[in-house]
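Structural overview
One letter stands for each residue in the lines below.
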There are 2 protein chains.
Amino acid sequence: MREIAIIGIGQTTIDEHWEKSLRELAGEAVIAALFDAGRDRVDGLFVGNMLSGILTNQEHLGVLVSDWAGLKYTEAVKIEAACASGATALRAAIMAVGSGELESAIALGIEKMTETKGVDTTAALAEAADADYEALHGVSFVALNALVMKRYLYEYGWKHTDFAPFSINAHANAFHNPYARLREAITQRDYERARMIAEPINLMDASPIGDGAAALLVVPADSLHSNGRARPIVTIAGSASATDTLAVHDRRQVTWLAAAESSARKAYSQAGVTPKDIDLFELHDAFSIMTALSLEACGFSEHGQAPRLGLDEMIGINGRIPICTRGGLKARGHPVGATGIYQIAEVVQQLRGEAGLCQVPDARIGMAQNIGGSGATIITHILRVK
Amino acid sequence: MREIAIIGIGQTTIDEHWEKSLRELAGEAVIAALFDAGRDRVDGLFVGNMLSGILTNQEHLGVLVSDWAGLKYTEAVKIEAACASGATALRAAIMAVGSGELESAIALGIEKMTETKGVDTTAALAEAADADYEALHGVSFVALNALVMKRYLYEYGWKHTDFAPFSINAHANAFHNPYARLREAITQRDYERARMIAEPINLMDASPIGDGAAALLVVPADSLHSNGRARPIVTIAGSASATDTLAVHDRRQVTWLAAAESSARKAYSQAGVTPKDIDLFELHDAFSIMTALSLEACGFSEHGQAPRLGLDEMIGINGRIPICTRGGLKARGHPVGATGIYQIAEVVQQLRGEAGLCQVPDARIGMAQNIGGSGATIITHILRVK
C-alpha cells in the first residue's frame with residue numbers, strides 16, 4: 001500500500017451549535033481542511049458518524065456533505081463503528097488512497113448531539129452496546145463503565161481519587177485549545193466534590209457530549225515534495241483496527257482491552273516503533289477508567305498500574321507520555337462520531353509544532369486511539385514527521 | 001490495485017423473518033458465504049446497512065456480526081449510503097483487499113425492516129432523502145419517484161402501461177429464485193389493475209421491502225489457481241461510485257441519472273467494455289421508472305426510449321440485455337442495505353452458470369448497479385469470468 005500523508009486538517013469548536021445544521025457543521029470542517037491543504041477538490045469523502053439517523057432523521061450523510069461542501073459528484077459514504085466511527089472513516093480513506101483507487105480523500109467526523117428531535121441521547125448512545133443483551137436491560141454506557149471501574153478498583157486496590165490526575169490534566173490542556181468544549185481548569189477538590197453519576201463514576205470522570213466536526217485531507221506521500229515547504233509532512237506510519245465481543249459480559253477479563261492491545265501491537269509493528277518511541281498519545285478517555293485501560297493495553301504501564309502514571313506526573317506535556325494534550329474527550333469534548341478525527345487532527349498539530357501552549361517539545365511520533373462501544377472496536381493510528 | 005475475485009456468496013430468503021434477529025439473519029449469510037468459499041476465517045467484515053439504528057435500536061453492526069458469526073477480533077465496520085449501502089460495503093472490501101491491507105474480506109448487506117419497534121418504515125426510509133428540504137415537507141420516496149415518473153411520461157409521451165413489461169419480467173424471473181420475496185408471476189392485467197400508491201406509481205411499479213442478508217467473500221485473484229477448479233473464477237472488472245445532489249429538485253434534469261452515467265462510464269472504462277459487451281444487468285428497479293432511467297444512463301437505450309426495450313421483449317433471459325434475472329428489487333425484494341449485495345451475488349450465480357431456469361446463456365460479463373436515494377449515490381460493478 002502507498003504511504004499516506006495528512007496535508008490538511010479542519011475543526012469546528014465543540015459546543016451546542018443550535019445555529020448550525022448537520023450539513024453546515026460538516027461543511028465548515030471540510031472547507032477548513034481543504035483550505036489548510038490549499039486544495040479545492042478531492043476524489044472521495046468518508047464520513048464518520050454514529051447518530052444522525054436517530055437524532056436528526058438524516059442518513060445518507062456522504063451525499064449530504066459532498067453536496068453541501070462543494071464536492072458534488074465525488075464518491076461519498078458514511079462509516080459507522082459507534083464512537084470509533086471517526087477513526088474508521090480515516091482508515092477507509094487510507095485504504096481508498098493507499099490502494100490507488102483514489103488520489104485524494106477527506107475523512108470527516110461529524111456529530112450533532114444536542115438537537116435531538118425528542119430522542120433521548122443516552123438511549124441513542126446505548127445503540128453502540130448490545131441492544132438485546134445490554135441496552136434492553138437498561139444498562140447505559142456510563143453504567144457499563146462504572147461496572148468496569150468498580151471491578152478495577154477492587155482488583156488493584158486503587159481509590160477513586162487516584163484517577164483525579166487524568167481529569168485534571170485533560171482540563172488543564174483544554175484551557176489552551178480554542179476548539180475545546182470545556183476550557184476551564186479543575187482542581188483535585190473539584191474532582192472529589194463532583195456530582196456522582198453512576199458510582200464510582202462522577203461528573204469529572206465522564207466526558208461531555210457536544211456538536212462538532214473535524215476533517216483530514218489525505219494524499220499519497222510520494223506526491224509531495226518537502227523541499228521548501230513551510231510545514232513538516234505528517235505521514236501515517238501505522239493504522240490498525242481490531243474488535244472484541246460487543247457485550248462486556250462476554251469478555252474473559254473486563255479490565256483488559258484486548259482490542260486495544262491487538263490494534264496497538266499491529267500499529268507498532270507497522271511503524272517499527274515501541275511505546276518508548278511515542279512522543280504523545282491521544283487516547284479515548286470517554287471515562288477516566290478508559291484512560292487507565294488504554295495506557296495499560298498499549299504498553300505504557302503494567303496491568304493495573306496506570307493510575308501511577310497520573311500520580312507521578314508523567315502524563316503532562318513534559319511528562320514521559322503526554323496524553324490528552326488538547327483536552328482529550330474529557331475536556332475537548334466527545335461528539336462521538338467526530339472524536340476519532342479530532343484526535344488525529346490534534347496529533348497532526350503536535351507534529352507540525354502548531355499546538356501552541358500545549359506543544360509537546362520535539363514531537364516526532366504521535367499515536368491516537370479511538371474506541372467504539374465499551375472496547376468493542378478499537379483503532380490505533382501512529383503518525384510521524386517525514 | 002490488486003485484482004479481486006469473489007469466491008463465496010451467501011443469501012437468506014427475503015421475507016418477514018419474525019423468528020430471526022438482526023444478528024441471526026446476518027450470521028446466516030456470512031456463514032453461507034464462508035461455506036461456499038470453503039473458508040473459516042477472513043481478515044475484515046464490511047457491513048452494508050441503512051436502518052438498524054432507527055428500526056431496531058442497534059448501531060455498531062460491524063462488531064455485532066463479527067462477534068456472532070464466529071469472526072471475533074476481526075476488523076469490522078458498518079458502511080451506509082442509503083439503499084446503496086450494499087454496494088458501498090463491497091467497494092470498501094475491494095479497496096481493503098486491493099490495497100494489500102487485508103488478504104480477505106466479507107462484504108455483507110443486511111436489513112431487517114418488518115420488525116420496527118413502533119417506527120414508521122416509510123418515514124425511516126425518507127432519511128435517505130434530504131431531511132430538511134424533502135422529508136420535512138412530507139415527500140416520501142414513492143412520492144419523489146412518482147414526480148419523476150410523471151415528468152418522464154410527459155416529456156417522452158409514454159403511457160403508464162408501457163412500463164408493464166419491466167414488472168412482468170421481474171416477477172417471471174423471481175418465480176425461479178428460491179430466495180425471492182414474491183415468487184409469483186404477474187400479467188399485464190394484474191399490472192393495469194394494481195392499486196394506486198402515488199399516481200402514476202401503482203403497487204406493481206414499486207418494490208417490496210423485506211428482511212434479508214447477503215454476503216460476498218473477496219480475495220486477491222492472484223491467490224487463486226483455476227487449474228482443476230470445479231467453478232469458474234469471477235473477478236471484479238470494474239467498480240465505480242459517483243454521487244449527485246441529495247435533493248431531486250437541485251438537479252438540472254430530473255429524468256437523467258447523472259451519477260449512473262458517470263459511475264457506469266468509469267466501470268466500462270476500467271473493464272475495457274461497452275454496453276454491447278454486457279451479458280446481463282442487475283439494475284436498481286426500486287420503482288419501474290428507475291429501470292428506465294438506469295437503462296438510459298448506462299447506454300442501453302436512447303434517452304426517453306427505455307420502455308421500448310421492454311415492449312420489444314429485449315430484457316428477458318434470452319433478450320439483448322437481460323435485466324432483473326433473479327427478480328430484481330421488484331420481485332426478489334428490496335431489503336434496502338442488503339440489495340446491493342444480493343445483486344452482485346446474482347451476477348456471480350449467472351457467471352458461474354448456477355442460475356438454474358433463469359440462466360442467461362453463455363454469460364461471461366455481468367453488471368450490477370445499486371442506487372441510494374433518488375439517484376444521489378450510484379455504484380456500478382462489472383464482473384467477469386476469469
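Just above sits the structure.
Computed from a predicted structure; not experimentally measured.

Under the fitted operation, chain B is carried onto chain A by 0.0 Å of movement along the axis and a turn of 180°, and the coordinates agree to an RMSD of 0.0 Å. Viewed as a symmetry operation, the transformation between the two copies matches a two-fold axis. If distances are taken from each C-alpha of chain B to the rotation axis, the shortest is found for Ser99(B), at 1.9 Å. Of all interface residues in chain B, 100% are interface residues in chain A too; the two copies therefore contact each other through one and the same surface.

With that settled, consider the nonpolar core. Residues Phe46(A) and Phe46(B) are the most contacted members of the largest nonpolar core, which totals 86 residues. Beyond its immediate stretch of four places on either side in the chain, Phe46(A) contacts Val77(A), Ile79(A), Ala89(A), Ala92(A), Ala93(A), Ala96(A), Leu102(A), Ala105(A), Ile106(A), Ala107(A), Leu108(A) and Met95(B).

All names here are of chain A. Orientation of helix H1 (residues 22-37) relative to helix H3 (residues 61-68), taken along the N-to-C sense of each, is 65°, at an axis distance of 9 Å. The handedness of the crossing between H1 and H3 comes out as right-handed. For the pair formed by H1 and H3, the contact residues are Leu22, Arg23, Glu24, Ala26, Gly27 and Val30 on the first element and Leu61, Leu64, Val65 and Trp68 on the second.

A few words on the interface of chain B and chain A. Listed per partner, the contact involves 57 residues of chain B and 57 residues of chain A. Across the chain B to chain A interface the summed buried area is about 4400 Å²; carbon plus sulfur atoms make up 49%. Between chain B and chain A we count 8 salt bridges in total. Counting the contacts that link chain B with chain A gives 30 residue pairs in polar contact (both at pLDDT 80 or more). Among the elements of the structure, helix H2 (52-56), helix H3 (61-68), strand S3 (75-80), helix H4 (85-98) and strand S8 (234-243) of chain B are those that each provide at least two residues to the side of chain B that touches chain A. Relative to S3(B), strand S3 (residues 75-80) of chain A is paired through 3 bridges, and the arrangement is antiparallel. Residue pairing in the sheet places Glu80(A) in a bridge with Lys78(B) of S3(B).

Estimated volume of the largest pocket: approximately 600 Å³. For the largest pocket, the lining is made up of 29 residues, of which Leu125(A), Ala206(A), Ser207(A), Ile209(A) and Phe287(A) are closest to its centre. Of the residues belonging to the lining of the largest pocket, the class tally is 17 nonpolar, 10 polar and 2 charged. Here the second largest pocket defines a volume of roughly 490 Å³. Around the second largest pocket, the lining is made up of 23 residues, and of these Leu125(B), Phe141(B), Ser207(B), Ile209(B) and Phe287(B) lie nearest the centre. Counting residues per element, the ones that place at least two in the lining of the second largest pocket are helix H5 (121-125) and helix H6 (141-156) of chain B. Here the lining of the second largest pocket is composed, by residue class, of 14 nonpolar, 8 polar and 1 charged.

Residues and elements named next belong to chain A. Per the stated rule, a full pass over the model turns up 8 aromatic pairs over all chains. Judged by centre distance (5.9 Å) and plane angle (75°), the rings of Tyr152 and Phe163 are edge-to-face. Within this pair, whereas Tyr152 is found in helix H6 (residues 141-156), its partner Phe163 is found in the loop between H6 and helix H7 (164-174), the two being separated by 11 residues in sequence. The two residues Tyr152 and Phe163 agree in class, both being buried. Of the aromatic side chains, those joined through ring pairs into one cluster are Tyr152, Tyr156, Phe163 and Phe166.

Enumeration according to the criterion identifies 6 cavities of 30 Å³ or more in this entry. Approximately 120 Å³ is the volume attributed to the largest cavity. Taken together, 15 residues line the largest cavity, and the ones lying closest to its centre are Thr88(A), Ala92(A), Met95(A), Phe46(B) and Val77(B). Of the residues belonging to the lining of the largest cavity, the class tally is 11 nonpolar, 2 polar and 2 charged.

In this section: the pairing of S3(B). All names here are of chain B. Within S3, 6 of the 6 residues are buried, which leaves the element mostly enclosed by the surrounding structure. Taken together, the 5 bridges between strand S2 (residues 44-48) and S3 define a ladder with parallel strand orientation. Bridged to Gly44 within S3 is Glu75.

Cis geometry is found at the peptide bond from Glu199(A) to Pro200(A), where omega equals 10°. Tracing the backbone shows Pro200(A) in the loop between strand S5 (196-198) and strand S6 (201-202). For His60(B), which is not glycine, the phi torsion reads 65° and is therefore positive. Position of His60(B) relative to the elements: it lies in the loop between H2 and H3. A positive phi angle, near 75°, is found at Tyr73(B), a position not held by glycine. When you line up the elements, Tyr73(B) lands in the loop between H3 and S3. According to the relative accessible area criterion, Tyr73(B) is partly exposed, its value standing at 46%.

Thresholds applied
- Residues numbered from 1 in each chain as written.
- Chains lettered and ligands numbered in written order.
- Predicted model: local features only at pLDDT ≥ 70, side-chain atom pairs only at ≥ 80, totals over all residues.
- Heavy atoms only, no water.
- Least-squares fit on C-alpha atoms with pLDDT ≥ 70 in both.
- Contact = heavy atoms within 4.5 Å.
- Core = buried A, V, L, I, M, F, W, Y, C linked by side-chain atoms within 4.5 Å.
- Buried < 20%, exposed > 50% of the residue type's maximum accessible area, 1.4 Å probe, protein only.
- Axes fitted to C-alpha atoms, helices over the stretch in contact; angles between N-to-C directions.
- Helix = DSSP H or I, 4+ residues; strand = E, 2+ residues; numbered from the N terminus.
- Left-handed = near helix turned anticlockwise from the far one by under 90°.
- Buried area = accessible area lost by both parts, 1.4 Å probe.
- Salt bridge = Lys/Arg side-chain N within 4 Å of Asp/Glu carboxyl O.
- Polar contact = N/O pair within 3.5 Å; in protein donor to acceptor, adjacent residues only side chain to side chain.
- Pairing = 2+ DSSP bridges.
- 1 Å grid on protein atoms, 1.4 Å probe; cavity = no way out; pocket = protein on both sides within 12 Å on 5 of 7 lines; lining within 4 Å.
- Points joined across faces, edges and corners; volume = space filled by probe spheres on them.
- Nonpolar A, V, L, I, M, F, W, Y, C, P; charged D, E, K, R; others polar.
- Phe/Tyr/Trp six-rings, centres within 6.5 Å; stacked < 30°, edge-to-face > 60°.

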